[in-house]
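Chain by chain, the residues:
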Amino acid sequence: MSYCLYCDTPFMEQVSWSTFCGVGEEEQLCSACRSKLNKISGEICTVCGRMLLTLDERYYNNHICNDCTRWNENKMWNGVFQKNRSLYEYNEFLKEVIARFKYRGDVVLATLFHQEIQKMYDKHFPAHIVTYIPLSQERLWERGFNQAEEVARVLPKCHSLLVRLIDEEKQSKKSRNERLAKTTPFTIKKGVETFIRNADIIIVDDIYTTGSTVRQAGKVLKQVGANSISSLTIARG
Ligand SMILES: [Zn+2]
Ligand SMILES: [Zn+2]
């Protein structure tokens, strides 16, 4: 008998061939909770990884959504970012899970995503250098851990490469244009340039919404010679 990591309901684990063979795919959620997570599947935007089936045909062209086309047409951002892949659609349930994980300190919830994030890494980003979106010192002290790091750390070649200079909340109070026009809130950590130069890098974060955070981080990594920048997130907002 196992207990659901989210709602604590006891459930029977189904023995699959993989668990039987010891290569462990351990279920951590009861079937009710599991069914509320909506895995991204079917046709996706080749850049941002959102499901195209949920969009009206007017909003994408040639497997790329209009948001991504706009990014690519912007001189400041053209060529900065390769692709994002996310595990799940951002729905009410996942919002709750992430909130409990991130703001209420339930760090064990990170393990819910470890198997899937590893599979995604193997499939889309084999051999890439891994990093994550950092929190500001203040936020890290307050929260006690960085949720993106907790997810990223199961991946191989995971390094802390970035430092956050501007606090998340101060930044979100600015308008979108202000945020994009201003210089990035990120800088490169001292002494890590050798991991970055000529490397294909993926940035792990909890959620991809507009794509501006990973692009801002990507831009500073590019400036010290990264070859390509992609991202891997739990949710696609
Ligand atoms: Zn449950
Ligand atoms: Zn897109």
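In what follows, the structure referred to is the one given above.
Criteria and thresholds
- Residues numbered from 1 in each chain as written.
- Chains lettered and ligands numbered in written order.
- Predicted model: local features only at pLDDT ≥ 70, side-chain atom pairs only at ≥ 80, totals over all residues.
- Heavy atoms only, no water.
- Patch = residues over 30% accessible without salt bridge, like charges linked within 9 Å, V, L, I, M, F, W, Y side chains within 5 Å.
- Areas by Shrake-Rupley, 256 points an atom, 1.4 Å probe, with all protein chains shown as cover.
- Salt bridge = Lys/Arg side-chain N within 4 Å of Asp/Glu carboxyl O.
- Helix = DSSP H or I, 4+ residues; strand = E, 2+ residues; numbered from the N terminus.
- Buried < 20%, exposed > 50% of the residue type's maximum accessible area, 1.4 Å probe, protein only.
- Pairing = 2+ DSSP bridges.
- Core = buried A, V, L, I, M, F, W, Y, C linked by side-chain atoms within 4.5 Å.
- Domains from an automatic or database assignment.
- Contact = heavy atoms within 4.5 Å.
- Donors = N, O, S within 2.8 Å, 3.2 Å for Na, K, Ca; no water.
- Tetrahedral: all angles 85-135°; square planar, octahedral: opposite > 155°, others 65-115°.
- 1 Å grid on protein atoms, 1.4 Å probe; cavity = no way out; pocket = protein on both sides within 12 Å on 5 of 7 lines; lining within 4 Å.
- Points joined across faces, edges and corners; volume = space filled by probe spheres on them.
- Nonpolar A, V, L, I, M, F, W, Y, C, P; charged D, E, K, R; others polar.

Q: Account for a nonpolar patch on the surface, naming residues and giving values.
A: Nonpolar side chains collect at one region of the surface, where Met 1, Tyr 3 and Met 12 lie side by side and expose about 440 Å² of accessible area between them. By the secondary structure assignment, Tyr 3 is in strand β1 (residues 2-3).

Q: Explain the pairing of strand β6 (residues 129-132) residue by residue, including any values.
A: By the alternation rule, side chains of β6 split into Ile 129 and Thr 131 and Val 130 and Tyr 132, which are all buried. As judged from the 4 bridges shared by β6 and strand β9 (residues 200-208), these two strands associate in the parallel manner. When the sheet's bridge partners are listed, Thr 131 is paired in β9 with Ile 203.

Q: I'd love a proper account of the nonpolar core, names of residues and values included.
A: Core analysis: the largest hydrophobic core is formed by 35 residues, its most contacted members being Leu 94 and Leu 232. Taken together, the elements giving at least two residues each to this core come down to β5 (84-89), α4 (92-102), α5 (114-124), β6, α7 (147-152), β9 and β10 (228-236). The biggest single contributor to this core is α4, with 5 residues. Counting only domains with at least three residues in this core, you end up with domain 1 (1-36) and domain 2 (38-236). For Leu 94, the residues in contact, after removing those within four places along its chain, are Leu 37, Tyr 88, Glu 89, Phe 113, Ile 234 and Ala 235. Ile 196, Ile 201, Tyr 208 and Ala 217 belong to the second largest nonpolar core, which has 26 residues in total.

Q: Give a description of the coordination of the zinc ion (ligand 1) that names residues and reports values.
A: Distances from the zinc ion (ligand 1) to its protein donors, Cys 4 (SG), Cys 7 (SG), Cys 30 (SG) and Cys 33 (SG), fall within 2.3 to 2.4 Å. Considering all 4 donor atoms around the zinc ion (ligand 1), angles at the metal cover 105 to 115 degrees and the coordination shape is tetrahedral. When the donors of the zinc ion (ligand 1) are listed by position in the chain, the intervening gaps give C-x2-C-x22-C-x2-C. You can see Cys 4 sitting in the loop between β1 and β2 (10-11) and its partner Cys 30 sitting in the loop between α1 (17-20) and α2 (31-36), a full 26 residues away along the chain. Overall, the relative accessible area of 1% leaves Cys 4 in the buried class.

Q: Would you mind going over the pattern of salt bridges in detail, with residue names and values included?
A: Counted under the stated rule, the structure contains 10 salt bridges. The closest approach of N and O atoms between Arg 34 and Glu 27, which form a salt bridge, is 2.9 Å. Glu 27 gets classed as partly exposed once you look at its relative accessible area, which sits at 27%. Lys 102 is the partner of Asp 206 in a salt bridge, and the nearest nitrogen-oxygen pair spans 2.8 Å. With Asp 206 in strand β9 and Lys 102 in helix α4, this pair connects stretches of sequence that are 104 residues apart. Exposure remark for Lys 102: the relative accessible area of 12% places this residue in the buried category.

Q: Please provide a residue-by-residue account of the layout of surface pockets, values included.
A: Reported here for the second largest pocket is a volume of approximately 270 Å³. The wall of the second largest pocket is formed by 14 residues, among which Ile 40, Ser 86, Met 120, Lys 123 and His 124 lie closest to the centre. Every element with two or more residues in the lining of the second largest pocket is listed here: β5 and α5. Among the elements that line the lining of the second largest pocket, the one with the most residues is α5, at 5 residues. When the residues that make up the lining of the second largest pocket are grouped by side-chain class, the tally is 4 nonpolar, 5 polar and 5 charged.

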